Amino acid sequence: MASTTQQKIKEIEDEMARTQKNKATSAHLGMLKAKLAKLKRELIAPKGGGGGKPGEGFDAKKAGDCRVGLVGFPSVGKSTLMSKLTGTESLAAAYHFTTLTCIPGTFRYKGCKIQLLDLPGIIEGAKDGKGRGRQVIGVARTCNLILIVLDASQPMTHKLLIEKELEGFGMRLNKKKPDIRFTKRNKGGISYSTIGCKLTHLDKKTITAICKEYRCSNAEICFKCDATIDELIDVVEGNRVYVPCIYVLNMIDKITIEELDLLSQVPHYVPVSGGHEWNFDLLREKMWQYMDYIRIYTKPRGQIPDYSAPVVIPRRGATVEKFCHRIHKGLLEQFKNALVWGSSAKHNPQRVGKEHKLADEDVVQIIKKIK
């Protein structure tokens, strides 16, 4: 089954390479890209369910406030980074495929408990199931941040190869989710509208061809951005994961200052030396920035705030309601209002409801209903 699916994928990719890109062929290319996305989905999650989930028997139990995955080719120093950052011994040696399973470890930064996963080295073709690629990338999809570890002395083509493997598994690195609302209807055909933008990559014919490929004859699509064919397919597929990513250029002690200056042009990168522990402070700070979490301190009534154990939640949608849910699911049932001290408050303290948006290092006191 997998081999025939791969053959179909190759045939479509060959046809796309032969097809000239212009307005007349955009609908045909859109249909081909939609077919390609469907076939790749089959390859990732085969029908029948006999093989279990992509990361089954391989994943580590989630621990801490957030999860970071170390991804890279074999022997780029992932295990050394893991050992130095977390103190967890991950077998390191001078040969390929030293790590054969997912090894978890944790460390604290700014009061946040971060779980670091040392994943086995992936190889080219991992997205198609080669090696243990499917399980490795399956676990990577569950992470809040990806660290792609690269050997600074190796060609930068390794970066492109890893990106291709992760993208082929439905991961979108350092990209925002397209602002497209896709709603299936019972009748009315395919209709679309735009708000505050003009479509330069899509037209009615292309949009209809993509929807028809997914056997969708009636849908309403609202575009709030100038979307491409690939972005529309991502929204229709609905299984894409948008993850922040940092490129960790390891073993910088092997290269010259001139080469390091050249590599500094790579966006989202941090140069380090795992063996010498160079630049680890910058790496930790960058990880904190890219995860985009905030710390909220709790204040019991009549006591000083507890600054030793902050409640860590994502900055996006960081409301008092999310804060309560993070502490205990049943807390909202007893919630009356809250007192907030900090940069999100108009005055200290401010009495707020559960919709109030919190800022980093706010102090919150929950007031419960009197029964």
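Take the sheet that holds strand S15 (residues 350-352) next. Taken in spatial order, the five strands make up an open sheet running S13-S12-S16-S14-S15, and their pairing is mixed. Of all the strands in the sheet, the pair left with one neighbour each is strand S13 (306-314) and S15. With direction set aside, neighbouring strand axes in the sheet form an average angle of 35 degrees. Examined bridge by bridge, strand S14 (residues 335-341) and S15 share three bridges and lie antiparallel to one another.

This brings us to the nonpolar core. Within soluble globular proteins, side chains that are nonpolar generally end up buried alongside one another. Membership of the largest hydrophobic core comes to 31 residues, with the highest contact counts inside it found for Leu119, Ile146, Ile148 and Ile162. Within the residue set of this core, elements represented by two or more residues are helix H4 (133-140), strand S4 (145-151), helix H5 (157-168), strand S5 (171-173), strand S9 (241-243) and strand S10 (245-250). Sort the elements by how many residues they give to this core and H4 lands first, with four residues. Beyond its immediate chain neighbours, meaning those up to four positions away, isoleucine 148 contacts Val71, Ile162, Leu166, Leu173, Cys245, Ile246, Tyr247 and Val248. Within the second largest apolar cluster, 27 residues are counted, among which are Val76, Phe107, Val149 and Met287.

A few words on helix H6 (residues 204-213). Within H6, seven of the ten residues are buried, which leaves it mostly tucked inside the rest of the structure. Buried residues of H6: Thr206, Ile207, Thr208, Ala209, Ile210, Cys211 and Glu213, and no others.

Turning to the pattern of salt bridges, a few remarks are in order. Applying the stated rule across the entire model yields 16 salt bridges. Residue lysine 10 is joined to aspartate 14 by a salt bridge in which the shortest nitrogen-to-oxygen separation is 3.3 Å. With lysine 10 and aspartate 14 both in helix H1 (residues 2-18), this residue pair falls four residues apart, about one helical turn. Within the structure, one salt-bridge network assembled from shared partners comprises Glu167, Arg172, Lys175, Asp234 and Arg240.

Turning next to the pairing of strand S12 (residues 293-298). Of all the six residues making up S12, five are buried; the element is thus mostly covered by neighbouring parts of the structure. As defined by bridge partners, S12 adjoins S13 across five bridges and the pair is classed as antiparallel. Residue arginine 295 lies in a different strand from S13, and its bridge partner there is valine 312. Two elements, S12 and strand S16 (residues 362-368), share three bridges in a ladder whose sense is parallel.

Turning our eyes to something else, we now look at the pairing of strand S1 (residues 66-71). Counting buried positions along S1 gives six out of six residues, so the element sits mostly inside the fold. Two strands pair when backbone bridges link them, and S1 and S4 are joined in this way by four bridges, in the parallel orientation. Paired with valine 68 across the strands is leucine 145, a residue of S4.

When its volume is computed, the second largest pocket comes out at roughly 770 Å³. Together, 18 residues line the second largest pocket, and Lys175, Tyr242, Pro244, Tyr290 and Arg316 are the ones closest to its centre. Of all elements in the fold, only S9 and helix H9 (280-291) reach the threshold of two or more residues within the lining of the second largest pocket. When grouped by side-chain class, the residues that make up the lining of the second largest pocket number nine nonpolar, three polar and six charged.

The rules we used
Residues numbered from 1 in each chain as written. Predicted model: local features only at pLDDT ≥ 70, side-chain atom pairs only at ≥ 80, totals over all residues. Heavy atoms only, no water. Pairing = 2+ DSSP bridges. Helix = DSSP H or I, 4+ residues; strand = E, 2+ residues; numbered from the N terminus. Axes fitted to C-alpha atoms, helices over the stretch in contact; angles between N-to-C directions. Core = buried A, V, L, I, M, F, W, Y, C linked by side-chain atoms within 4.5 Å. Buried < 20%, exposed > 50% of the residue type's maximum accessible area, 1.4 Å probe, protein only. Contact = heavy atoms within 4.5 Å. Salt bridge = Lys/Arg side-chain N within 4 Å of Asp/Glu carboxyl O. 1 Å grid on protein atoms, 1.4 Å probe; cavity = no way out; pocket = protein on both sides within 12 Å on 5 of 7 lines; lining within 4 Å. Points joined across faces, edges and corners; volume = space filled by probe spheres on them. Nonpolar A, V, L, I, M, F, W, Y, C, P; charged D, E, K, R; others polar.

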